[in-house]
Amino acid sequence: LGGDPAQCGEGLYCNTVSSSCDADCSPDPALGFGCPNNETCTSDGRCPSLSGTGDSCPAIDLNLTRPKPTVVFLVDQSSSMKWKIDTFTDANRNAGEISRFDHIVRVLVGNDPNVGGVLDSFQASIKMNATFFTGNETTCPMVEQNMPIAYDNVDAIRTRLNQLANQQGGPNNAFHWTPTPESIGVLSTGLVSTLTSTADEPVSIVMITDGGPDYCAARASSTPIQNQLFEPASIDTSNRLRTLVSERNIRTLVLGFGSAATDHPSRGDFVRQLKIMANGGSGYEPLAGLDGNAGPSADAALATDPAQLTAALQSFLGNQVSCTIDLQQGRITDESRACEGKVEFNGRLLTCNPTDDSQGWRVLPGGTQIQILGSDCGALLSAPTVNLRAYGFPCGVASSLI
């Protein structure tokens, strides 16, 4: 036939290499002559992913990667964590009062292991651990950083949090300080020194504190404590957190938890302290957005009740395991034809849904990300292991180049 397209019959294409009419497959499934990977055979007998067939256009496979985040929780263990959330006095547990630390424990891991807390929902998709910081006249700073960082680590976190909660107010619970900058220094040269944040494996710190950052030596010599102690400690903390951003790309969410009465007579303005530290955690100058300083700055995040703390943590952790997936290599060049390709999640083919949010996937504007939707997003977030695959995109729809 000489490879003349006009002479190739139905179900055949013109192979210009061999000058013949060929077929890679049959569109009739009854013939049992199909394409690999469940691809659809074209009317002229082509399999999109097969190459070396003359003028046929091989399909494009795209590399999908869901981030594998790590989150280190750094929890304040100062004596003010024994206070009630809305006052500056210790909670009377015998009278049924709940301390700030008790609230934190309940939010993170719940009252009942069968019910759980915020962390239970994310432990399959986020590697995490809990570390703790404080100090006293005997040892300062005291930074507990020996818990492994791992998936499915909530039971270990729950056990240690409950142990610490039971110790609060006991005979060995001496007055404890909040040596935040020095504790960040210990963490930076210890546990965190082994970590570097990347796009595929982002690392974050979540510091939960009720304020009053101070220094070991200054606190020991300050009687009574002066407001001037806390501002330098906040700035020092900010600078140390900013170094983690610049050197290891590790950012810190500084999350305050405590009374709405934020200007304590001896501890200073808590919201101002939070903003200073949050600036460093986001890579900004300590006083950005304060005292007339222009430019970008971080928000001071203060939760004054358990519901606000829960919402802040759920939002942050949810963003770490987003259902928006980057195409690490390649992009979808014709978004209007994206549904001609296929996306699999753990071997299950997902439906392409440009307009329906209930399930499946869609390409996002720009062609460099896809979004897993609805119930499939929920399954993705809770899956202990994830295998995502995007394949079979015609070469006019996707490119292997960014």
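Residues numbered from 1 in each chain as written. Predicted model: local features only at pLDDT ≥ 70, side-chain atom pairs only at ≥ 80, totals over all residues. Heavy atoms only, no water.

A.B. asks: Which parts of the structure should I look at to understand the state of the cysteines?
C.D. replies: Here is the idea: a disulfide is a covalent bond, and it sits between the sulfur atoms of two cysteines. Going through the model one piece at a time under the given rule, you end up with five disulfides. Two residues, Cys323 and Cys377, share a disulfide whose sulfurs are 2.0 Å apart. Taking the sign of the S-S torsion, 90° for the link of Cys323 and Cys377, the bridge is right-handed. Within this pair, whereas Cys323 is found in the loop between helix H7 (306–320) and strand S12 (324–329), its partner Cys377 is found in helix H8 (residues 374–382), the two being separated by 54 residues in sequence. Relative accessible area serves as the criterion here: at 18%, Cys377 is assigned to the buried category. Bridging Cys339 to Cys352, the disulfide has an S-S length of 1.9 Å. (Disulfide = S-S within 2.5 Å. Helix = DSSP H or I, 4+ residues; strand = E, 2+ residues; numbered from the N terminus. Buried < 20%, exposed > 50% of the residue type's maximum accessible area, 1.4 Å probe, protein only.)

A.B. asks: Honestly, the side chain of Arg158 in this entry has me stumped. Any pointers?
C.D. replies: With respect to the helices, strands and loops of the structure, Arg158 is situated in helix H2 (residues 154–167). From its side chain, Arg158 meets the backbone oxygen of Val109 in a polar contact 3.2 Å long. Beyond its immediate stretch of four places on either side in the chain, Arg158 contacts Val109, Pro113, Gly116 and Asp120. (Polar contact = N/O pair within 3.5 Å; in protein donor to acceptor, adjacent residues only side chain to side chain. Contact = heavy atoms within 4.5 Å.)

A.B. asks: Got a minute to help me understand unusual backbone geometry in this structure?
C.D. replies: For residues other than glycine, phi is negative in most cases, and the peptide bonds are mostly trans. Residue Pro141 follows Cys140 across a cis peptide bond; omega there is -5°. Tracing the chain through its elements places Pro141 in the loop between strand S5 (127–134) and strand S6 (142–144). Even without being glycine, Asp152 reaches a positive phi, approximately 50°. With respect to the secondary-structure elements, Asp152 resides in the loop between S6 and H2. For Asn346, which is not glycine, the phi torsion reads 50° and is therefore positive. Examined against the element boundaries, Asn346 turns out to sit in the loop between strand S14 (342–345) and strand S15 (348–349). The class of Asn346 is partly exposed, set by a relative accessible area of 39%.

A.B. asks: I tried to follow the environment of Ala338 on my own but got confused; where do I start?
C.D. replies: Tracing the backbone shows Ala338 in the loop between strand S13 (331–332) and S14. Taking relative accessible area as the criterion, Ala338 reaches 3% and is therefore assigned buried. For Ala338 and Gly367, which are 29 residues apart along the polypeptide, the C-alpha to C-alpha distance reads 8.9 Å. Residues contacting Ala338, with those up to four places away along its chain left out, are Ile332, Trp361, Val363, Phe393 and Val397.

A.B. asks: Help me out: how do you make sense of the environment of Leu290 in this one?
C.D. replies: Mapping Leu290 onto the fold places it in the loop between helix H6 (270–281) and strand S11 (301–303). Relative accessible area serves as the criterion here: at 12%, Leu290 is assigned to the buried category. Taking the C-alpha atoms as reference points, Leu290 and Ile276, 14 residues apart in sequence, are found 8.4 Å from one another. Other than its neighbours up to four places away in sequence, Leu290 contacts Arg272, Lys275 and Ile276.

A.B. asks: Please explain the pairing of strand S3 (residues 60–65) as it appears in this structure.
C.D. replies: Relative to strand S18 (residues 388–393), S3 runs antiparallel, the two being bridged by two bridges. Bridging from a neighbouring strand, Leu62 pairs with Ala390 of S18. (Pairing = 2+ DSSP bridges.)

A.B. asks: For this particular structure, what's the right way to read the environment of Gly45?
C.D. replies: By secondary structure assignment, the location of Gly45 is in the loop between strand S2 (20–22) and S3. Not counting residues within four places of it along the chain, the set of residues in contact with Gly45 comprises Gly11, Tyr13, Ala23, Asp24 and Cys25.

A.B. asks: Could you clarify how one ought to interpret the pattern of salt bridges in this entry?
C.D. replies: Pairing between side chains of opposite charge can happen when the charged atoms of each approach one another. Per the counting criterion, the structure on display carries 13 salt bridges. Here Asp236 makes a salt bridge to Arg240, at a shortest N to O gap of 3.0 Å. Separated by four residues within a single helix, Asp236 and Arg240 lie in helix H5 (residues 230–248), roughly one turn from each other. Glu285 is paired through a salt bridge with Arg242; the nearest N and O atoms lie 3.2 Å apart. A residue pair is termed long-range when its members are at least 10 positions apart, and Glu285 in the loop between H6 and S11 and Arg242 in helix H5 qualify at 43 residues. Residue classification places Arg242 among the partly exposed residues on the basis of a relative accessible area of 25%. Salt bridges here are not isolated pairs; linked through shared partners, they connect Asp120, Asp155 and Arg158. (Salt bridge = Lys/Arg side-chain N within 4 Å of Asp/Glu carboxyl O.)

A.B. asks: I keep staring at the packing of helix H1 (residues 100–109) against H2 and nothing clicks. Help me out?
C.D. replies: Any two packed helices are characterised by the angle at which their axes cross and by the distance between the axes. Between H1 and H2, whose axes approach to 10 Å, the crossing angle comes to 165°. When the axes of H1 and H2 are compared, the pair comes out roughly antiparallel. Crossing handedness for the pair H1 and H2: left-handed. Only Val154, Ile157, Arg158, Leu161, Asn162, Leu164 and Ala165 of H2 make contact with H1, whose side of the interface consists of Phe101, Asp102, Val105, Leu108 and Val109. Split into classes, the residues belonging to the contact of H1 with H2 amount to nine nonpolar, one polar and two charged. (Axes fitted to C-alpha atoms, helices over the stretch in contact; angles between N-to-C directions. Parallel < 35°, antiparallel > 145°, perpendicular 65-115°, else oblique. Left-handed = near helix turned anticlockwise from the far one by under 90°. Nonpolar A, V, L, I, M, F, W, Y, C, P; charged D, E, K, R; others polar.)

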